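The residues making up each chain are set out below.
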Amino acid sequence: DADLIPVVLGSDSEVLDLGRCARLFSEGQRRAMAARDGGCVWPGCDVPPAWCEAAHLVAWSVGGTTDLHNGALMCAHHHRRFDTEGWALRREGGIVELIPPRWLDPEQRPRRAGRFTLAA
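No experiment lies behind these values; they were computed from the predicted model shown.

All right, on to the side chain of Asp37 then. Its location among the elements puts Asp37 in helix α1 (residues 27-37). Reaching out from Asp37, the side chain makes a polar contact with the side chain of Arg36 at a distance of 2.8 Å. When neighbours within four sequence positions are excluded, Asp37 is seen to be in contact with Ala72, Leu73, Arg91 and Arg115.

Our next topic: helix α2 (residues 76-85). Listing the buried residues of α2 in full gives His78, His79 and Phe82. Across the axial projection of α2, the buried residues extend over an arc of 105 degrees, all falling on one side. Exposed residues pointing more than 90 degrees away from the buried face of α2 are listed as Arg80 and Thr84. Structurally, α2 contributes buried residues whose contacts are with β1 (53-56), β2 (71-74), β3 (88-92) and β4 (95-99).

Once that is clear, we can look at the environment of Gly64. Locating Gly64 in the fold gives a position in the loop between β1 and β2. When the C-alpha positions of Gly64 and Arg23 are compared, they lie 9.1 Å apart, and in sequence the two are 41 residues distant.

Another aspect to go through is the pairing of β2. A two-sided burial pattern is seen for β2, the buried positions comprising Gly71 and Leu73 on one face and Ala72 and Met74 on the other. Strand direction decides the pairing type here: β1 and β2, joined by four bridges, are antiparallel. By the bridge assignment for β2, Ala54 is matched with Leu73.

This part covers the pattern of salt bridges. As a working rule, side chains carrying opposite charge can pair if their charged atoms are close by. Under the defined criterion, the tally for this structure stands at seven salt bridges. We note a salt bridge from Arg90 to Glu97, for which the minimum N-O separation is 2.7 Å. Through salt bridges that share partners, Arg36, Asp37 and Arg91 make up one connected network.

Right, let's get into the environment of Thr65. With respect to the helices, strands and loops of the structure, Thr65 is situated in the loop between β1 and β2. In this structure the C-alpha to C-alpha distance between Thr65 and Leu24, which are 41 residues apart in sequence, comes to 9.7 Å. Reaching out from Thr65, the side chain makes a polar contact with the side chain of Asp67 at a distance of 3.0 Å.

So, how was this worked out
Residues numbered from 1 in each chain as written. Predicted model: local features only at pLDDT ≥ 70, side-chain atom pairs only at ≥ 80, totals over all residues. Heavy atoms only, no water. Helix = DSSP H or I, 4+ residues; strand = E, 2+ residues; numbered from the N terminus. Polar contact = N/O pair within 3.5 Å; in protein donor to acceptor, adjacent residues only side chain to side chain. Contact = heavy atoms within 4.5 Å. Buried < 20%, exposed > 50% of the residue type's maximum accessible area, 1.4 Å probe, protein only. Arc of directions from axis to C-beta. Pairing = 2+ DSSP bridges. Salt bridge = Lys/Arg side-chain N within 4 Å of Asp/Glu carboxyl O.

Have a look at this one:
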């Protein structure tokens, strides 16, 4: 009856992947997301990390895990849209893409998301 999960540790031995043992993201996970995402990942949104919510990409209610790879920072407005309108998010090679719901884009063309930085 025990919940056994592999443990991924960050600096100071903080647990960063909680699997299904906890529904809410920890402070350590939120700090890691803040460093990775830089704020709301929705294209064009400039809400800073402190004002964002940690969103499950695959909802907890349908078996999603409370792990860094299944989380992203979103402002309350975009988190609500993500959860209710059928959006999806993927990360490939460090690039974040939002996939719109079929009703919005029948071809579901990915849209570049996340914060952009200019090379020096």
